[in-house]
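Examining the three-dimensional arrangement
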Amino acid sequence: MERPILSARGAAGYLEALDNVLLLTHVRPDGDTIGSAAALCRALRDCGQTAYLLPNPEITATYAPYAAPYWAPEGWQAEHIVSVDIADASLLPENAQPYRDRIELAIDHHPSQTFFARNTCLEADSAACGEIVYEIIQHLTALTADIALPLYVAVSTDCGGFQYGNTTARTHRIAAALMDVVDVAAVNKALFRTKSRVRLAMESRMVADMKLFDHQRVVVMEIPLSLRQEMQATDADIEELSALPALVEGTDCGVTLRELRPGTVKVSVRTGPRVDACALCRILGGGGHHAASGATVEGTLDEARMAVLAAYRKVIGA
């Protein structure tokens, strides 16, 4: 059955008719899913509706403050379920799985969207889901500081502080509108200009042990469980390490392999125009964007590396 696709205006109209709304975020939540959900939750509340975020057990200290005011209390019963920045139902946290067949609206910007919800608001050319949520909120209520701050976190983090290739003039216009409402200096420093000593030490080890392939155009860096245990690294220390391989001069395919647990590896791929990261990760059972995608594979780090390289060769036709 074909599922309806709504515009931002259409999604706003749909949301206006709802009450007792529960918002879902994805596994290993980043700034986009948390910031977008928090901003939308605040906007719905400003419209007089009851809305909460489902507590995400994997949230890190970096993004927890933006979601904290909106966590659903234990035992609260939702009437309507909305997902934010989720491309596939498999990306729901374990505690969200009971809601997977009740999701009425999915708001997303991933080209790999599988249309698992009854309705979908999809803008695959948006740099962040936060851009879509911004447009939705424009049709719902006034932009306040409580909305603008998490929304700025959403937009800025998913385009790497406005440095990634997905950044557009629209991205900057939305950021400027948010900055007219709230001071973002402290957020920028915390998100983009501050690293823990553990994070810096992990980066050093990853660079020292990196592996190069295809005339040094492919860089693979790994985060084995043993490294995390040795460094006593928290989830916050590991955030955004997936961007590191793509910083190496001469590469246009940066791969990070993070061992989640023995036998399971998270693959993150960042690419230039020559390599379609989404196509590569789709071969591995994942998805995302043309220049930034991910997947989770079963096996050791060595097996995951071989699987990624095989997918890479298939994508580029080698």
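Residues numbered from 1 in each chain as written. Predicted model: local features only at pLDDT ≥ 70, side-chain atom pairs only at ≥ 80, totals over all residues. Heavy atoms only, no water.

Attention now moves to the pairing of strand E9 (residues 264-271). Summarising burial for E9: seven of the eight residues are buried, a large majority. Taken together, strand E8 (residues 253-261) and the strand that follows it, E9, pair antiparallel across an intervening segment of two residues, in which Gly-263 is found at a positive phi of about 90°. Here seven bridges tie E9 to strand E11 (residues 292-298), and the two strands are oriented antiparallel to one another. Counterpart to Val-267 in the pairing with E11 is Ala-295. (Buried < 20%, exposed > 50% of the residue type's maximum accessible area, 1.4 Å probe, protein only. Helix = DSSP H or I, 4+ residues; strand = E, 2+ residues; numbered from the N terminus. Pairing = 2+ DSSP bridges.)

Take the sheet that holds E11 next. Taking strand neighbours across the sheet as the criterion, the six strands line up as E6-E7-E8-E9-E11-E10 in an open arrangement whose pairing is mixed. Sheet topology places strand E6 (211-213) and strand E10 (287-288) at the edges, where each strand pairs with a single neighbour. Packed onto the sheet, helix H8 (residues 197-208) meets strand E7 (218-223) and E8 and runs at close to 130° relative to E7. (Contact = heavy atoms within 4.5 Å. Axes fitted to C-alpha atoms, helices over the stretch in contact; angles between N-to-C directions.)

Within the secondary structure layout, Ser-293 lies in strand E11. Here the side chain of Ser-293 touches Cys-278 through a polar contact of 3.2 Å, landing on its backbone nitrogen. (Polar contact = N/O pair within 3.5 Å; in protein donor to acceptor, adjacent residues only side chain to side chain.)

Time to look at the side chain of Thr-120. For Thr-120, the location among the structural elements is in strand E5 (residues 119-122). A relative accessible area of 0% places Thr-120 in the buried class. In this structure, Thr-120 is in contact with Pro-4, Ile-5, Leu-6, Leu-105, Ala-106, Gln-113 and Phe-115, ignoring residues within four places of it in sequence.

Bringing the pattern of salt bridges into the picture now. Where charged atoms of side chains with opposite charge meet at close range, the side chains can pair. A complete count under the given rule lists 15 salt bridges for this structure. With a closest N to O distance of 3.0 Å, Glu-203 and Lys-195 form a salt bridge. Judged by relative accessible area, which is 44%, Lys-195 ranks as partly exposed. Among the ionic pairs, Asp-235 bridges to Arg-258, the shortest N-O distance being 3.6 Å. With a gap of 23 residues between them, Asp-235 in helix H10 (residues 235-238) and Arg-258 in strand E8 connect regions that are remote in the sequence. A relative accessible area of 19% means that Arg-258 is categorised as buried. Through salt bridges with shared partners, one network takes in Glu-123, Glu-131, Glu-135 and Arg-170. (Salt bridge = Lys/Arg side-chain N within 4 Å of Asp/Glu carboxyl O.)

Grouped together as the largest cluster of nonpolar side chains are 49 residues, with contacts concentrated most on Leu-40, Ile-107 and Ile-136. Element by element, the count of residues in this core is highest for helix H2 (residues 31-46), at eight residues. Among all residues touching Leu-40, those that are not within four sequence positions of it are Leu-15, Leu-23, Ile-107, Val-133, Ile-136, Ile-137 and Leu-140. In terms of nonpolar packing, the next biggest core, distinct from the first, is built from 21 residues, Val-267, Ala-295, Ala-304 and Leu-309 among them. (Core = buried A, V, L, I, M, F, W, Y, C linked by side-chain atoms within 4.5 Å.)

With respect to the helices and strands, Glu-203 occurs in helix H8. For Glu-203, the residues in contact, after removing those within four places along its chain, are Lys-195, Leu-241 and Leu-244.

Moving on, we get to the packing of helix H4 (residues 129-138) against helix H6 (residues 169-179). Interhelical geometry of H4 versus H6 gives an angle of 55° and a closest axis separation of 11 Å. Between H4 and H6, the interaxial angle falls into the category oblique. The crossing of H4 and H6 is left-handed. Contacts between H4 and H6 involve Glu-131, Ile-132, Tyr-134 and Glu-135 from the former and Arg-170, Thr-171, Ile-174, Ala-177 and Leu-178 from the latter. Across the contact of H4 with H6, the residue classes break down as five nonpolar, one polar and three charged. (Parallel < 35°, antiparallel > 145°, perpendicular 65-115°, else oblique. Left-handed = near helix turned anticlockwise from the far one by under 90°. Nonpolar A, V, L, I, M, F, W, Y, C, P; charged D, E, K, R; others polar.)

Attention shifts here to the packing of aromatic side chains. Summed over all chains, the structure comprises two aromatic pairs. With 4.8 Å between their ring centres and 65° between their planes, Tyr-52 and Trp-76 make a pair best called edge-to-face. Residue Tyr-52 is located in strand E2 (residues 51-53), and its partner Trp-76 is located in the loop between helix H3 (64-67) and strand E3 (80-84); the two are separated by 24 residues in the primary sequence. Ring geometry for Tyr-152 against Phe-162: centres 6.1 Å apart, planes inclined by 50°, an arrangement best described as tilted. Taken together, the residues Tyr-152 in helix H5 (residues 145-158) and Phe-162 in the loop between H5 and H6 connect sequence positions ten residues apart. One exposure class covers both Tyr-152 and Phe-162, and it is buried. (Phe/Tyr/Trp six-rings, centres within 6.5 Å; stacked < 30°, edge-to-face > 60°.)

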